[in-house]
Amino acid sequence: MRLIFLGAPGSGKGTQAVYLAENYGIPQISTGDILRKAVQDGSELGQKAQVIMSNGGLVPDDIIIELVRERLTLPDAGKGFILDGFPRTIAQAESLDAMLGSGKAIQMVLFFDVSEAEIIKRLTSRRTCSQCGKNYNVISDPPPASGLCVQCGGKIVQREDDTETTVRKRLQVYEEKTAPLKAFYNVQKKLYILHAEQAVERVRAEMDALLAQL
Ligand code: AP5
């Protein structure tokens, strides 16, 4: 399975990608997670990315494309992958097509359809483990009272870019740079709409039904 999860920030891509990766045995490749790890490690890339990410902008295409190219050469990506948060611009999508060629082309692009009001609610109530990245939500999936992650014991925090001001900026950037990808993949007849404003389990069931077509 070679899939792309496309959607606005907070539309639930990461939540469903974790489930899919566990149940279908293919890696979730999240460019956001890779960048956050680089920030945590204090690498040159991390230092560059941190400022951009905390302002809600996009990291330059050439950096992201190289990062994904390298990640896709790792053995676990040989049997398939879920690209979560990549591509985010037309230039990234065109480079991905060239990278994969016709033999390993993307099979399906799932578009996570969620209203702006719901996104703002979800993101401002999201909390994340600073160590392993597990997501919680103070409304729908509250973190333990200890403030420590159930998975790894790490400290649960609010992501720097999950404040309302930065979320609105991310949504603006999404509309401008990423939303045009819907038309790009529609032309390729790969775009499938997921009604992602439903409860997590219902989104999952709809996604499983779509994937059964592959
Ligand atoms: P990234 O980490 O990719 O952020 P994003 O796309 O903005 O996605 P999110 O992680 O915010 O949301 P999600 O859709 O995964 O939702 P989630 O499942 O967590 O990128 C961060 C930054 O890195 C970017 O802003 C950019 O700077 C940079 N970057 C990354 N990739 C890049 C690229 N390709 N090019 C350039 N720059 C790049 O869910 C959100 C919340 O809602 C959670 O609390 C969850 O519990 C809850 N939730 C999920 N589903 C439901 C549901 N069905 N009902 C109720 N609550 C739900």
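The model shown is predicted, which means the values in this text are computed figures rather than measured ones.

### Quick look at the pattern of salt bridges
Considering all chains together, one arrives at 12 salt bridges under this definition. Ionic pairing is found between Lys-37 and Asp-41, a salt bridge with its closest N-O pair at 2.7 Å. Here Asp-41 and Lys-37 lie together in helix H2 (residues 31-41), a separation of 4 residues that amounts to about one turn. Exposure remark for Lys-37: the relative accessible area of 47% places this residue in the partly exposed category. In this structure, Glu-164 and Arg-168 form a salt bridge, with 2.8 Å as the shortest nitrogen-oxygen distance. With Glu-164 and Arg-168 both in helix H7 (residues 164-178), this residue pair falls 4 residues apart, about one helical turn. Residues joined in a network through salt bridges with shared partners are Arg-126, Arg-159, Asp-161, Asp-162 and Arg-170.

### Re helix H6 (residues 116-124)
Listing the buried residues of H6 in full gives Glu-118, Ile-119, Ile-120, Arg-122 and Leu-123. If you follow the buried residues of H6, they end up packed against strand E5 (126-129), strand E6 (135-137) and H7.

### Section: the site of the ligand
Near the ligand lie 34 residues; those nearest to it are Thr-15, Gly-57, Arg-88, Arg-126 and Arg-170. At 3.4 Å from a nitrogen atom of the ligand is found a side-chain nitrogen or oxygen belonging to Arg-122. If the ligand stood free it would expose 1,000 Å²; the protein chains cover 95% of that surface. At the level of elements, helix H1 (13-24), H2, H6 and E6 are the ones that each hand at least two residues to the shell around the ligand. Considering each element in turn, the shell around the ligand owes the most residues, 4 residues, to H2.

### Here we look at unusual backbone geometry
The omega torsion of the bond from Phe-86 to Pro-87 falls at -5°, within 30 degrees of zero and hence cis. Looking at the secondary structure, you find Pro-87 in the loop between strand E3 (81-84) and helix H5 (90-100). Phi is positive for Lys-189, which is not a glycine, with a value near 60°. Note on placement: Lys-189 falls in the loop between helix H8 (181-187) and strand E8 (191-195).

### Some points on the packing of aromatic side chains
Within this structure, the stated rule accounts for 2 aromatic pairs. Ring geometry for Phe-184 and Tyr-185: centres 5.0 Å apart, planes at 85°, overall edge-to-face. Note on Tyr-185: relative accessible area 0%, which makes it buried. Taking the ring centre of Tyr-136 as reference, the NZ or CZ of Lys-134 above it sits at 5.2 Å.

Cut-offs and rules
Residues numbered from 1 in each chain as written. Predicted model: local features only at pLDDT ≥ 70, side-chain atom pairs only at ≥ 80, totals over all residues. Heavy atoms only, no water. Salt bridge = Lys/Arg side-chain N within 4 Å of Asp/Glu carboxyl O. Helix = DSSP H or I, 4+ residues; strand = E, 2+ residues; numbered from the N terminus. Buried < 20%, exposed > 50% of the residue type's maximum accessible area, 1.4 Å probe, protein only. Contact = heavy atoms within 4.5 Å. Near = heavy atom within 4 Å. Polar contact = N/O pair within 3.5 Å; in protein donor to acceptor, adjacent residues only side chain to side chain. Areas by Shrake-Rupley, 256 points an atom, 1.4 Å probe, with all protein chains shown as cover. Phe/Tyr/Trp six-rings, centres within 6.5 Å; stacked < 30°, edge-to-face > 60°. Lys NZ or Arg CZ within 6 Å of the ring centre and 35° of its normal.

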